[in-house]
Amino acid sequence: MEMPKDFNEAQGFTGFEPLQAGGHICKIMKVEETKSKAGRDMIVIYLDTDKTDSQPNYYSNAYKNDTRENKKWNNNAIVRQLVLDVEGNTNRGFKTFVDMVEKCNNGFKVVWGEKFADCFKGKLVGALFGEEEYLNSYGESKFACKFQSWRTVEEVKAGLEAPKRKELNPGSNSNSTVNFDEDITPVDDGDMPF
């Protein structure tokens with residue numbers, strides 16, 4: 001066999017440490033205002049673990065160390081939140097997000113209007129992550145640590161119990177909770193997408 005021309009420059013796989021289930025102190029990297037596939041108002045929240053977290057800068061480090069040409073921010077660190085419920089009232093998840101960010105950042109108040117999405121950048125918030133089962137492209141059962149709910153930073157510091165693992169129904173042939181091809185945000189260049 002001939003040695004591939006880029007063999008010496010190629011990066012091999014190294015050990016992978018998954019994000020631990022439980023509470024994490026998160027930094028909001030970016031918030032986008034958008035619409036859901038059904039045309040409903042929605043925000044998309046991009047998270048990273050804060051430098052003060054037990055696993056600091058987890059998602060930004062993973063992004064920086066990604067050597068693929070089409071880097072992607074980890075889908076498990078992207079939260080999609082509807083603004084209104086089906087009756088047209090404020091969605092409780094949206095209200096909880098705003099309340100938790102205000103509680104976690106002394107003196108912070110949401111700026112409504114054109115600056116709404118920008119006012120969250122760099123703010124801290126607590127988040128509870130839990131393991132969810134999925135089937136990979138080979139049909140093998142795997143677990144991913146995904147966002148579950150908003151919490152305060154103080155609750156995270158006090159210790160939060162990891163939620164019970166979410167498992168697929170026995171005999172399930174598909175993954176109903178994650179569609180990696182549709183849900184991952186592509187990034188065109190080597191810089192952070194923020």
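Structural data are supplied above this passage.
Residues numbered from 1 in each chain as written. Predicted model: local features only at pLDDT ≥ 70, side-chain atom pairs only at ≥ 80, totals over all residues. Heavy atoms only, no water.

## Describing the side chain of Asn 91
Right, so step 1: Of note, Asn 91 is situated in the loop between β4 (78–82) and α2 (92–104).
Right, so step 2: Here Asn 91 is in contact with Gln 81, Leu 82, Val 83, Leu 84 and Asp 85, once residues within four sequence places are set aside. (Helix = DSSP H or I, 4+ residues; strand = E, 2+ residues; numbered from the N terminus. Contact = heavy atoms within 4.5 Å.)

## A short note on the pairing of strand β2 (residues 41–49)
Right, so step 1: Within β2, eight of the nine residues are buried, leaving the element largely enclosed by the surrounding structure.
Right, so step 2: Two elements, strand β1 (residues 22–35) and β2, share nine bridges in a ladder whose sense is antiparallel. Within β2, the residue paired with Val 31 across the bridge is Ile 45.
Right, so step 3: Hairpin connection of β1 to β2: five residues between the antiparallel strands, including Gly 39 at a positive phi of 85°.
Right, so step 4: The pairing of β2 with β4 spans five bridges and is antiparallel. Its bridge partner being in β4, Tyr 46 is matched across the sheet by Ile 78. (Buried < 20%, exposed > 50% of the residue type's maximum accessible area, 1.4 Å probe, protein only. Pairing = 2+ DSSP bridges.)

## Some remarks on the side chain of Ser 36
Right, so step 1: The residue Ser 36 is located in the loop between β1 and β2 in this model.
Right, so step 2: Those residues within four positions of Ser 36 in sequence are excluded, and the remaining contacts are Met 42 and Leu 82.

## Thoughts on the sheet that holds strand β5 (residues 124–135)
Right, so step 1: Strands sit in the order β4-β2-β1-β5-β6 across an open sheet of five strands; the sheet is antiparallel. The open sheet has two free edges, formed respectively by β4 and β6 (141–151), since each of these has just one partner strand. Across the sheet, the axes of successive neighbouring strands diverge by a mean angle of 45°, strand direction being ignored.
Right, so step 2: Bridge analysis of β5 against β6 gives ten bridges, and the strand direction is antiparallel. Looking at β6, one finds that Leu 128 is bridged to Ser 149. (Axes fitted to C-alpha atoms, helices over the stretch in contact; angles between N-to-C directions.)

## Some thoughts on the packing of aromatic side chains
Right, so step 1: Under the counting rule described, the total for this entry stands at eleven aromatic pairs.
Right, so step 2: Taking 5.2 Å as the distance between ring centres and 20° as the angle between the ring planes, the aromatic pair formed by Trp 112 and Phe 116 counts as stacked.
Right, so step 3: In this structure Trp 112 comes out as exposed when scored by relative accessible area, which is 58%.
Right, so step 4: With centroids separated by 5.1 Å and ring planes inclined at 75°, the aromatic side chains of Phe 116 and Phe 120 adopt a geometry described as edge-to-face. (Phe/Tyr/Trp six-rings, centres within 6.5 Å; stacked < 30°, edge-to-face > 60°.)

## Comments concerning the pattern of salt bridges
Right, so step 1: This model, assessed by the stated rule, comprises seven salt bridges.
Right, so step 2: Residue Lys 95 is joined to Asp 99 by a salt bridge in which the shortest nitrogen-to-oxygen separation is 3.3 Å. Separated by four residues within a single helix, Lys 95 and Asp 99 lie in helix α2, roughly one turn from each other.
Right, so step 3: Lys 95 sits in the partly exposed class, given a relative accessible area of 45%.
Right, so step 4: One salt bridge connects Glu 132 with Lys 146, and the closest N-O pair in it is separated by 3.9 Å. With a gap of 14 residues between them, Glu 132 in strand β5 and Lys 146 in strand β6 connect regions that are remote in the sequence. Residue Glu 132 shares its accessibility class with Lys 146, and that shared class is buried. (Salt bridge = Lys/Arg side-chain N within 4 Å of Asp/Glu carboxyl O.)

## A closer look at unusual backbone geometry
Right, so step 1: Despite not being glycine, Asn 57 has its phi angle at roughly 50°, a positive value.
Right, so step 2: Tracing the backbone shows Asn 57 in the loop between β2 and α1 (58–64).

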